[in-house]
Amino acid sequence: MRRHAEAEKVRKNDNAPGESSGAAPESELSKRFDPSAYEPVWREYWEREGVFSRPPVNGAKSFSMVIPPPNVTGKLHMGHALNMTLQDVLLRFNFLRGRDALWVPGTDHAGIATQNVVEVKLDKEGLDRHKLGREKFVERVWAWKDEYHANIKNQITRMGAGVDWKRERFTLDEQCSLAVRTAFKQLFDEGLIYQDSRIINWCPFHKTALSDIEVEHVEEDGFFYHIKYPVKGEDYALEIATTRPETLLGDSAVAVHPDDERYKKYHGKTCVLPLVGREIPIICDPYVDLEFGSGALKITPAHDPNDFEIGRAHGLPEYVMLTEDGKISDDYPAYAGMDRFEAREKIIADLEAAGLFIKKEPYKHSVGHCYRCQSAVEPYLSLQWFVRMKELAGPAMDAVKDGRTRFVPERWTKVYLDWLENIRDWCISRQLWWGHRIPVWDCGSCGARSCSIEDIDACPKCGSKEIAQQSDVLDTWFSSGLWPLSTLGWPNKTADLKAYYPTSVLVTGFDIIFFWVARMMFFGLKFGGDVPFGDVFIHGLIRDETGKKMSKSSGNVIDPMEIIDEFGADAMRFTFLYLGSMGQDVNVSADRFKIGAGFCNKLWNTARFILMMAPDAPGIAASELNSAKLDLKDRWMLSRAASVVKEVSELIESYDLNEAAQKIYDLMWRDFCDWYIELAKRPLREGDAETVGAVSSVLHHTLRRILVMLHPYIPHITEEIWSKLPGVDGTILDAGWPEDDWKIDAGAEEAVTLLQDVVRRIRDIRAGLNLPPSEKLPVTLITHDETGGRARLLESEARFIRDMAGAGEILVDKPLAEGVSAMSGIAGGVEIFVPVAADVLEAESARLRKNREKVLVDISKSESKLGNEQFVNNAPEEIVSREKERLAGMKSDLEKLDARIAMLGGKV
């Protein structure tokens with residue numbers, strides 16, 4: 001078999017499963033289709049033989065990807081399974097194309113998520129991290145990580161992922177840590193990393209800062225609380241409206257618009273802060289909206305991002321009125337220690353008692369929540385570390401605008417660019433212990449601050465041992481942003497970095513475009529000198545069969561490992577890609593994976609049939625197939641295979657994996673099984689040696705094309721079948737992607753399309769008459785073709801029509817005798833007549849009308865039930881849904897009955 005030229009450069013794997021131990025593999029496919037019998041065998045083979053693990057191939061075109069590293073916090077979900085499948089299809093396709101294909105695996109240390117899981121575990125033991133101390137706590141997290149990492153690796157392997165485990169990385173391993181510190185130091189030295197007290201998003205539960213994109217905003221019902229702020233020395237109070245009245249404790253001023261005539265006489269005066277008694281100035285600022293509320297705005301610089309900017313502009317004091325765990329600070333004794341929401345109610349009650357509360361109005365507003373624990377996030381003034389983003393965002397936008405990186409589907413380009421247009425500095429410090437500790441040391445003796453890639457134990461400036469490293473760790477996404485570089489060896493100049501960077505494509509969900517994709521673009525351009533990937537292939541979410549997002553709280557989660565246990569990994573993979581259009585969400589249920597299982601079963605049985613009926617494969621290469629020995633059906637089948645190979649190649653290259661899957665499905669199931677194999681059965685039974693040889697060659701040629709095209713989608717079963725084919729050795733990946741094995745024969749495809757249309761129309765007529773297969777009625781075909789080309793085709797392929805339509809004698813261009821009753825139809829311009837006795841037509845028409853009357857009665861009953869409000873409102877949702885589906889099915893049946901009655905010449 002001809003292999004792709006570049007594929008020959010790849011080390012050949014000589015041992016098929018079972019051979020390396022000296023045992024001969026089974027020579028036949030078992031009668032029973034059982035994925036659990038062969039899938040583990042092939043996974044072990046790929047890893048043992050290092051099929052996907054090899055050094056860079058000099059001179060070969062490379063294809064590389066880095067896995068979106070799953071968090072080392074538990075089990076992989078259906079979204080991971082879809083993501084792994086998409087990547088593996090691309091990897092194996094490019095491997096077959098002869099490219100030097102690499103897919104690097106790894107896991108993410110997942111700072112907040114992992115620390116939280118371990119802290120919950122400690123709590124059950126009556127411990128907490130502070131009792132353990134930082135060093136012991138981090139040891140516990142490492143132990144937990146090692147335990148769960150093995151689970152994740154096993155799950156990735158079971159999905160059939162062709163990753164290179166020898167290159168596996170972890171975002172806290174030695175190599176990634178070197179990359180993180182190198183990048184941090186460069187940014188620090190260039191002034192792009194700085195420390196400042198600024199308003200950040202604060203999670204009171206985790207007691208840590210969050211970046212803007214780690215905050216999920218949810219529309220909630222709340223209130224606008226209207227409060228009186230007395231003006232000192234005046235018999236007047238400004239009316240202030242706020243959704244967070246507890247923050248008045250931290251107010252530094254009241255702001256009004258400088259052009260607001262209502263308040264001009266109060267410019268320069270002060271208010272007495274309710275409940276606190278502190279005098280705060282009335283300031284003028286154009287930020288205030290004259291039309292909103294009363295036009296007077298309370299300014300709380302330490303607890304609101306806009307107020308913070310106004311406060312800095314006016315030099316206002318910044319009062320922090322909350323503790324890190326969301327309680328009122330000791331500076332306010334009347335409320336000290338109260339939870340923020342508890343304090344809110346107490347403050348409202350106290351304002352009412354003081355005559356300072358006006359009213360509260362219902363108000364729907366967006367409230368930020370921690371993306372991990374869902375606690376309401378507080379805007380909070382805190383000393384944190386930041387990255388200046390404007391300098392990094394510009395090149396990342398330019399790279400997408402000029403096409404160096406493109407988004408697929410293209411609609412995500414605007415989402416990415418819009419976010420970068422409005423980006424704020426990135427808060428990168430987290431008040432955690434698990435993660436990359438910030439590599440900055442402060443000297444207690446001379447006050448010098450040092451940033452170092454290596455740990456230091458003395459001040460580089462004065463030599464003092466009184467130095468302390470920053471206690472905070474970096475945002476998890478800082479290390480993840482370096483992933484395409486660190487996995488390939490950066491900052492070292494490795495062979496992998498030279499061969500595989502930039503990577504070819506990133507496959508990821510739309511939900512982390514901001515979290516991850518943008519950060520990799522920043523860092524790739526900054527440190528790698530180029531974009532980190534050429535394409536960003538964005539896929540949708542996995543949802544349940546009703547379109548709901550899967551979640552534990554909804555009880556609709558499907559475990560991919562359970563699907564693999566029941567149906568096999570190939571079935572799961574094929575179902576994903578058969579159902580999911582490019583970039584769209586995929587709705588699944590456990591039952592829907594029967595689609596993939598059924599397809600794999602069909603492929604298995606097809607291969608068994610071919611190996612039994614045509615065990616030898618003489619002359620299967622294109623150069624060995626003698627077209628003179630091939631009849632129309634053979635040339636058509638070879639042409640269809642060649643056409644689909646070309647189409648599938650183009651579709652996968654453009655990431656339309658769903659359309660490619662459907663093309664292969666139709667080729668295998670419809671063209672190959674439903675048509676060619678059915679047509680091949682007679683010549684295999686009755687033909688001479690030359691005919692049997694020709695048909696056998698076409699069967700094997702086509703089966704091999706189908707197996708190679710399907711391999712990226714369903715790798716285990718295609719390897720298993722491939723290993724049983726005559727004359728093959730090693731893995732199917734050695735075969736190479738088919739390239740121009742057979743020229744597309746448009747004439748043969750057009751001719752067979754006409755024959756198929758004629759056959760289908762005859763089948764429709766027979767079905768309308770409810771004829772048993774044994775009753776072979778003659779068929780008359782009128783071509784209306786003056787050239788005679790169609791007539792010659794139909795006459796020469798009469799056997800084709802008889803075998804596939806269950807027809808008797810085929811008469812071409814011989815009109816029916818006068819007075820003969822017949823059922824008629826038309827296909828591709830050919831009139832079709834099937835002579836039928838009048839009493840047969842009448843009896844079938846009567847039977848159909850009777851069925852129609854019954855269906856009408858059932859439809860009426862169903863519509864009456866669904867029209868009953870008591871049934872619709874009180875019956876379980878699934879019962880109502882099932883009744884609606886039943887009604888829709890009956891209406892479809894009615895349409896079919898009407899069509900069949902009309903076909904018989906009757907009126908409905």
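These figures come from a predicted structure and were not determined experimentally.

Next up on the list: the pattern of salt bridges. Taken as a whole, this structure holds 64 salt bridges when the rule is applied. A salt bridge links Glu309 to Arg198, with the nearest nitrogen and oxygen atoms 3.6 Å apart. Residue Glu309 is found in helix 7 (residues 305–314), and its partner Arg198 is found in strand 5 (residues 193–203); the two are separated by 111 residues along the sequence. Residue Arg198 is classed as partly exposed on the basis of its relative accessible area, which comes to 24%. Between Arg262 and Asp260 there is a salt bridge; the shortest N-O distance is 2.8 Å. Using a relative accessible area of 43% as the deciding quantity, one classes Arg262 as partly exposed. Judged by its relative accessible area of 4%, Asp260 falls in the buried class. Three or more residues are tied together by salt bridges with common partners; here these are Arg682, Glu686, Arg799 and Asp803.

Another aspect to go through is the sheet that holds strand 28 (residues 822–827). With respect to topology, four strands assemble into an open sheet ordered 27-26-29-28, the strand pairing being mixed. Edge strands, defined here as strands with exactly one partner in the open sheet, are strand 27 (810–812) and strand 28. Each strand axis lies, on average, 20° off the axis of its neighbour in the sheet, ignoring direction. Here strand 26 (residues 779–782) pairs with strand 27 via three bridges, running parallel. Each residue of the ladder has a partner; that of Thr780, found in strand 27, is Leu811. Helix-sheet contacts for helix 22 (residues 746–769) involve strand 26, strand 28 and strand 29 (830–835), and the interaxial angle to strand 28 is about 150°.

The relative placement of two packed helices is expressed as an angle between their axes plus a distance between the axes. Running from N to C, helix 16 (residues 569–579) and helix 17 (residues 594–613) point in directions that differ by 115°, and their axes come no closer than 7 Å. When the interaxial angle is binned, helix 16 and helix 17 end up roughly perpendicular. Note on packing geometry: the crossing formed by helix 16 with helix 17 is right-handed. Two secondary-structure elements touch here, helix 16 through Asp570, Ala571, Phe574, Thr575, Tyr578 and Leu579 and helix 17 through Ile595, Gly596, Ala597, Phe599 and Cys600. When its residues are assigned to classes, the contact of helix 16 with helix 17 shows eight nonpolar, two polar and one charged.

On to helix 19 (residues 657–686), then. An α-helical turn contains 3.6 residues, so any two residues separated by three or four positions project in the same direction. Compared with an ideal rise of 1.5 Å per residue, which puts 30 residues at 44 Å, helix 19 spans 41 Å between its outermost C-alpha atoms and is within 8% of the ideal. Maximum bend of helix 19: about 45°, positioned at Phe672.

Turning our attention to the packing of aromatic side chains. For the structure on display, the rule yields 41 aromatic pairs. With 6.3 Å between their ring centres and 45° between their planes, Phe188 and Trp385 make a pair best called tilted. Of the two residues, Phe188 sits in helix 6 (residues 174–189) while Trp385 sits in strand 14 (residues 378–387), which places them 197 residues apart along the sequence. Judged by relative accessible area, which is 1%, Trp385 ranks as buried. Aromatic ring contacts, followed pair by pair, group Phe184, Phe188, Trp385, Trp426, Phe478, Trp490, Phe523 and Phe527 into a single cluster. Taking NZ or CZ as reference, Arg519 lies 3.9 Å from the ring centre of Trp426, over its face.

Turning next to the sheet that holds strand 11 (residues 279–284). The four strands lie next to each other as 10-11-9-12, forming an open sheet whose pairing is mixed. Bordering the open sheet on either side are strand 10 (270–272) and strand 12 (296–299), each of which pairs with just one other strand. Adjacent strand axes in the sheet meet at a mean angle of 30° when their direction is disregarded. Sheet analysis places strand 10 next to strand 11, joined by three bridges and oriented antiparallel.

The next point concerns the nonpolar core. Buried together is how nonpolar side chains tend to be arranged in soluble globular proteins. Counting residues in hydrophobic clusters, the biggest one holds 204 residues, and the most contacted among them are Leu90, Phe184, Tyr416, Phe478, Phe522, Tyr713 and Ile801. Non-local contacts of Tyr713, meaning those with residues more than four positions away in its chain, are made with Val89, Arg573, Phe574, Leu577, Ile652, Leu657, Ala660, Ala661 and Ile664. Ile227, Val231, Tyr263 and Leu356 belong to the second-largest nonpolar core, a separate cluster that totals 36 residues.

Right, let's get into the side chain of Glu719. Tracing the backbone shows Glu719 in helix 21 (residues 715–723). Among buried Asp, Glu, Lys and Arg side chains, Glu719 stands out as unpaired, with Arg92 the closest opposite charge at 5.2 Å. For Glu719, the residues in contact, after removing those within four places along its chain, are Trp42, Trp46, His711, Thr731 and Ile732.

In contact at an axis separation of 11 Å, helix 17 and helix 20 (residues 689–710) are set at 150° when each is read in the N-to-C sense. The angle between helix 17 and helix 20 places the two elements in the roughly antiparallel class. In the crossing of helix 17 with helix 20, the sense of the turn from one axis to the other is left-handed. Contacts between helix 17 and helix 20 pair Phe599, Leu603, Ala607, Ile610 and Leu611 from the former with Leu699, His700, Leu703, Ile706, Leu707 and Leu710 from the latter. Split by residue class, the contact of helix 17 with helix 20 holds 10 nonpolar, one polar and no charged.

Summed over all chains, the structure comprises zero disulfides. No disulfide involves Cys373; its sulfur sits 3.5 Å from the nearest other cysteine sulfur, which is in Cys203. Look at Cys373 and you get partly exposed, because its relative accessible area is 25%. Cys459 provides the cysteine sulfur closest to Cys451, a residue in no disulfide bond, and the two sulfurs are 14 Å apart. With a relative accessible area of 10%, Cys451 lands in the buried category.

What follows deals with the environment of Leu485. Following the sequence through the fold, Leu485 ends up in helix 12 (residues 483–486). Using a relative accessible area of 2% as the deciding quantity, one classes Leu485 as buried. Between the C-alpha atom of Leu485 and that of Phe188, which follows or precedes it by 297 residues, the distance is 19 Å. Leaving out residues up to four positions away in the same chain, Leu485 has contacts with Trp490, Leu497, Tyr501, Phe523, Gly524, Phe527 and Gly528.

Let us look at helix 18 (residues 632–653). For helix 18, spanning 22 residues, the distance from its first C-alpha to its last is 32 Å, which sits close to the expected 32 Å at 1.5 Å a residue. Within helix 18, 17 of the 22 residues are buried, which leaves the element mostly enclosed by the surrounding structure.

Let us now look at the environment of Val728. Among the structural elements, Val728 can be located in the loop between helix 21 and helix 22. The exposure class assigned to Val728 is partly exposed, which follows from its relative accessible area of 21%. Val728 has contacts with Arg704, Trp722 and Ser723, leaving out every residue within four places of it along the chain.

So, on to the pairing of strand 28. Residues Met823, Gly825 and Ala827 point to one face of strand 28 and are all buried, whereas Ala822, Ser824 and Ile826, pointing to the other face, are not buried. As consecutive antiparallel partners, strand 28 and strand 29 are separated by two residues, and within that stretch Gly828 has a phi angle of approximately 60°, a positive value.

Procedures and definitions
Residues numbered from 1 in each chain as written. Predicted model: local features only at pLDDT ≥ 70, side-chain atom pairs only at ≥ 80, totals over all residues. Heavy atoms only, no water. Salt bridge = Lys/Arg side-chain N within 4 Å of Asp/Glu carboxyl O. Helix = DSSP H or I, 4+ residues; strand = E, 2+ residues; numbered from the N terminus. Buried < 20%, exposed > 50% of the residue type's maximum accessible area, 1.4 Å probe, protein only. Pairing = 2+ DSSP bridges. Axes fitted to C-alpha atoms, helices over the stretch in contact; angles between N-to-C directions. Contact = heavy atoms within 4.5 Å. Parallel < 35°, antiparallel > 145°, perpendicular 65-115°, else oblique. Left-handed = near helix turned anticlockwise from the far one by under 90°. Nonpolar A, V, L, I, M, F, W, Y, C, P; charged D, E, K, R; others polar. Expected span 1.5 Å × (residues − 1). Bend = angle between axes of the 7 residues up to and from the residue. Phe/Tyr/Trp six-rings, centres within 6.5 Å; stacked < 30°, edge-to-face > 60°. Lys NZ or Arg CZ within 6 Å of the ring centre and 35° of its normal. Core = buried A, V, L, I, M, F, W, Y, C linked by side-chain atoms within 4.5 Å. Lys, Arg positive; Asp, Glu negative; His and termini not counted. Disulfide = S-S within 2.5 Å.

Nothing here speaks to function; it is all geometry.
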